Amino acid sequence: MPALVIVGAQWGDEGKGKASDQLGTEVDYVVKFNGGNNAGHTVVVDGEKFALHLLPAGILTPGCTPVIGNGVVVDLEVLFSEIADLESRGIDTSKLRISSNAHIIPSYNRRMDAVNERLLGKRKIGTTGRGIGPTYADKMNRIGLRIQDLFDPSILRQKVEGVLAQKNLLLNEEEKFSVAEITEELLAYAPRVRPLVMNTTVELNQALDAGKTVVFEAGQAVMLDIDHGTYPFVTSSSCTAAGACTGSGVGPRRIDKVIGVAKAYLTRVGEGPFPTELLGEEGDWLREQGGEYGVTTGRPRRCGWYDSVVARYATMVNSLTDIVLTKLDVLSGLEKIPVCVAYEIDGKRVAEMPDSQSDMHHAKPIYEYFPGWQEDISQCCTFAELPATAQSYVQALEELSACHISSIGVGPGREQTIVRTPLLDK
């Protein structure tokens, strides 16, 4: 099983980092192929918590090569801050690889992110303010800066001059950026970046040719995908399984398995529709039970019940072969657990994801209710050890989501996972 893709099957924060980390103990490469430091992964290893923002989860596993692919946007300050933090805690980061074609998030795009949100007013997207969107916009406008530009001062300066001629028009006089300062700031990173940079497309394809196992790790999630998410309340990159190919240079015929990660309930950060959102005490309870605060921003997450319409959509769009269900333990103590099985829109029952943005905003959840359980399941090691009602809940989600649930998270630790079917064939 040489190539696997891990994607978020909801609105993000599903626990992809833990899933990647678990696979990383058995794989040769873990590749981040989209997004930047606008999302975070929390991984617990031997009781120690690691919060990763830009680096792939595989960086925590000795022997695994972590790769930042061409589809990622890189904040160099964040990159080296994260590396320094891990190295201070005894983690070897020397095997990190970065694509020379990955784009850089310059400081002016963090400013542009805030400006764009301010101009949108009540229609703001709710971005993390990390400069992700403006950097992807520059990429599409062909005025972006790439990692390889750091190694040619003349080209870098020309590109900075061109882009600031546009950006400074939108800024107040005191906010304008200097070409010399930006160029000098970026060039200072060149000696530190150079040893990490290589043609990752060639390296990954050669690794697959040699029978190595490669895991492609998505940032964000399908419902935040620029093409298939709840536009415009989405991120700026391709978060689906297809994005693994464009964001790494590995062709689609090389992908063997696509794993969707989904919480046993649902969360969302930022603006946008969320049919199963809980605004009262139930939502507060879920948030506190699950520790639902952003790894990157610290923002409280919006919480709601599991949405099988979203899950079926994720299965379809990504051709999911497996679902990794996380945080089942958070639901312990509930008498009954609602699951959204369809939407009501304008008085009609709708079982599939609405095509219309307006319909999605007006969708009301139709629930089925499943018996809960009172037991602490955090120490369960097998599916049979789970309470019967917890087993039934998982089996119901499996059927409603139209995809096999391969493993179940019952706690934050690396070892707190029930494996029903191994994700890696032996």
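Scroll up to find the structure this text is about.
So, here is what we can say about the structure in this document. Quick caveat, the model's predicted, so the values are computed rather than measured.

Reading guide: rules and limits
- Residues numbered from 1 in each chain as written.
- Predicted model: local features only at pLDDT ≥ 70, side-chain atom pairs only at ≥ 80, totals over all residues.
- Heavy atoms only, no water.
- Axes fitted to C-alpha atoms, helices over the stretch in contact; angles between N-to-C directions.
- Helix = DSSP H or I, 4+ residues; strand = E, 2+ residues; numbered from the N terminus.
- Parallel < 35°, antiparallel > 145°, perpendicular 65-115°, else oblique.
- Left-handed = near helix turned anticlockwise from the far one by under 90°.
- Contact = heavy atoms within 4.5 Å.
- Nonpolar A, V, L, I, M, F, W, Y, C, P; charged D, E, K, R; others polar.
- Phe/Tyr/Trp six-rings, centres within 6.5 Å; stacked < 30°, edge-to-face > 60°.
- Buried < 20%, exposed > 50% of the residue type's maximum accessible area, 1.4 Å probe, protein only.
- Pairing = 2+ DSSP bridges.
- Polar contact = N/O pair within 3.5 Å; in protein donor to acceptor, adjacent residues only side chain to side chain.

Attention now moves to the packing of helix H5 (residues 153–167) against helix H6 (residues 179–187). The N-to-C vectors of H5 and H6 enclose an angle of 135 degrees; their axes lie 9 Å apart at closest approach. The pairing of H5 with H6 is recorded here as oblique in orientation. Judged by the sense of rotation from one axis to the other, the crossing of H5 with H6 is right-handed. Each of Pro 153, Leu 156, Arg 157, Val 160, Glu 161 and Leu 164 in H5 lies in contact with H6, whose residues at this interface are Val 179, Ala 180, Ile 182, Thr 183, Leu 186 and Leu 187. Looking at the contact of H5 with H6 residue by residue, the class counts come to nine nonpolar, one polar and two charged.

What follows is about the packing of aromatic side chains. Between two aromatic rings, the relevant description is the distance of the centres plus the angle of the planes. Inspection of the entire model under this criterion finds six aromatic pairs. A ring pair is formed by Tyr 108 and Phe 177, whose centres lie 6.1 Å apart and whose planes are at 70 degrees; its orientation type is edge-to-face. Highlighted residues: Tyr 108 in helix H3 (residues 107–120) and Phe 177 in the loop between H5 and H6, separated in sequence by 69 residues. Accessibility classification places Tyr 108 together with Phe 177 in one group, the buried group.

Attention now moves to the sheet that holds strand E5 (residues 65–68). Working definition: the strands of a sheet are paired by backbone hydrogen bonds and lie parallel or antiparallel to each other. Spatial strand order, E9-E7-E5-E2-E10-E1-E11-E15-E19-E20: 10 strands in an open sheet with mixed pairing. One side of each edge strand has no neighbouring strand; the edge strands of this open sheet are strand E9 (197–198) and strand E20 (417–419). In this sheet, strand E10 (residues 214–217) lies alongside strand E2 (residues 29–32) in parallel orientation, the contact comprising four bridges. When the bridges of E10 are listed, Val 31 appears paired with Phe 216. Helix H13 (residues 388–401) rests against strand E15 (322–326) and strand E19 (405–409) of the sheet, and its axis sits at about 135 degrees to E19.

The element helix H11 (residues 308–318) is extensively covered by neighbouring structure, given that nine of its 11 residues are classed as buried. Turning to H11, the residues buried within the fold contact strand E1 (3–8), helix H9 (241–246), strand E11 (257–263), strand E14 (306–307), strand E16 (336–345) and H13. Capping of H11 at its N-terminal end is provided by Asp 307; its side-chain oxygen lies 2.9 Å from the backbone amide nitrogen of Val 309. Taken from the residues just after H11, Ser 319 is the one with a positive phi, measuring 50 degrees.

Below, the discussion takes up the side chain of Asp 75. In this structure, Asp 75 sits in the loop between strand E6 (73–74) and helix H2 (76–88). Accessibility expressed as a relative area gives 4% for Asp 75, which makes it buried. Reaching out from Asp 75, the side chain makes a polar contact with the backbone nitrogen of Glu 77 at a distance of 3.1 Å. Residues within four places of Asp 75 in sequence aside, it is in contact with Asn 37, Leu 54, Ile 105 and Arg 110.

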